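Geometric and topological summary
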Amino acid sequence: MRTNLFHFLLITLIVLSCSPKNKKEVADILKIKEPKEWILVIHPEGCKTCLESLYAELENLPATSPGGIVVIAKNSKDLRLHPLFETSPIPLFLDENKTLIEHGLVRPEDQFLLFRNDGVQRFDILNYQEALPELGVMKKNFLN
């Protein structure tokens, strides 16, 4: 009987540890309100020019966007002076203590992640434009 209980608990732990990470887990860990559709997590490592371009694109998100942004970084003067951080169109949070990394939702080498109900997509900051349509960012038409 003890062996069966042990095996049941072991299998339960394995199943739980293999479950996909999702936006609810991110919101619970950071103790923030869970957005309707997605949470974009930015770990600002890698190409700084790409990061600045990403921030500029995110400034174009409509205020009705069904998501939120989490940046894994210290609250620095440079960060606070960036327009996205001053007047974000959607909820923006800082994970100053790298809590998402500590809990294993974000790996130290991750740069740009999109969490939804059904899991997470990882992007390289060099290819951030691949994720923009998923967020509802429309490309500006410079011809008009």
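A brief look at the structure comes next. (Residues numbered from 1 in each chain as written. Predicted model: local features only at pLDDT ≥ 70, side-chain atom pairs only at ≥ 80, totals over all residues. Heavy atoms only, no water.)

Observations concerning the overall build of the chain
Counting secondary structure elements, the chain contains 7 helices and 5 strands. Tracing the chain from N to C terminus, the helices and strands come up as α-α-β-α-β-α-α-β-α-β-β-α. Put simply, the chain has 144 residues, and 38% of those count as buried. The long-range share in the chain, meaning contacts at least 24 apart out of those at least 6 apart in sequence, stands at 63%. Total accessible area on the chain stands at roughly 9100 Å², and carbon and sulfur atoms take up 57% of it. (Helix = DSSP H or I, 4+ residues; strand = E, 2+ residues; numbered from the N terminus. Buried < 20%, exposed > 50% of the residue type's maximum accessible area, 1.4 Å probe, protein only. Contact = heavy atoms within 4.5 Å. Areas by Shrake-Rupley, 256 points an atom, 1.4 Å probe, with all protein chains shown as cover.)

Focus: the sheet that holds strand E5 (residues 119-123)
On the basis of which strands lie adjacent, the open sheet formed by 5 strands has the order E3-E2-E1-E4-E5 and mixed pairing. Among the strands making up the open sheet, the edge pair consists of strand E3 (92-94) and E5. Averaged over all adjacent pairs, the angle separating strand axes in this sheet is 20 degrees, with direction ignored. Both strand E1 (residues 38-42) and strand E2 (residues 67-71) contribute to a ladder of 5 bridges, which runs parallel. Opposite Ile42, over in E2, you have Val71 as the bridge partner. On top of the sheet, helix H2 (residues 23-30) reaches E1, E2 and strand E4 (112-116); it is set at about 65 degrees to E1, its chief contact. (Pairing = 2+ DSSP bridges. Axes fitted to C-alpha atoms, helices over the stretch in contact; angles between N-to-C directions.)

Overview of the pairing of E5
Successive residues of a regular strand alternate their side chains across the two faces of the sheet. Sheet topology note: the E4/E5 ladder contains 5 bridges and is antiparallel. Its bridge partner being in E5, Phe115 is matched across the sheet by Val120. Adjacent in sequence and paired antiparallel, E4 and E5 are bridged by 2 residues.

Things to note about the packing of aromatic side chains
Following the criterion strictly, the structure yields 2 aromatic pairs and no others. Aromatic side chains Tyr55 and Phe85 sit 5.3 Å apart centroid to centroid with 90 degrees between the ring planes, which places their arrangement in the edge-to-face category. With Tyr55 in helix H3 (residues 48-58) and Phe85 in helix H5 (residues 83-86), this residue pair connects regions lying 30 residues apart in the sequence. You can call Phe85 buried: its relative accessible area is 16%. (Phe/Tyr/Trp six-rings, centres within 6.5 Å; stacked < 30°, edge-to-face > 60°.)

With respect to the nonpolar core
One finds Leu40, Ile42, Leu54, Leu58, Ile69, Phe112 and Leu135 to be the most contacted residues of the largest nonpolar core, which totals 24 residues. With 5 residues, H3 is the largest single contributor of residues to this core. If we skip the residues at most four places from it in the chain, Ile69 touches Leu40, Ile42, Leu58, Leu61, Ile90, Pro91, Leu92 and Phe93. (Core = buried A, V, L, I, M, F, W, Y, C linked by side-chain atoms within 4.5 Å.)

Quick notes on the pattern of salt bridges
A side chain of one charge can pair with a side chain of the opposite charge when the charged atoms of the two come close. For the coordinates displayed, the defined rule picks out 6 salt bridges. Of the charged contacts, one joins Asp110 and Arg122 as a salt bridge, the two residues approaching to 3.0 Å between their closest N and O atoms. Of this pair, Asp110 sits in the loop between helix H6 (99-102) and E4 while Arg122 sits in strand E5, and the two are 12 residues apart along the sequence. By relative accessible area, Arg122 is classed as partly exposed at 35%. When the shortest N-O distance is used, the salt bridge between Glu134 and Arg116 registers 2.9 Å. Residue Glu134 is located in helix H7 (residues 132-135), and its partner Arg116 is located in strand E4; the two are separated by 18 residues in the primary sequence. Assessed through its relative accessible area of 18%, Arg116 is described here as buried. (Salt bridge = Lys/Arg side-chain N within 4 Å of Asp/Glu carboxyl O.)

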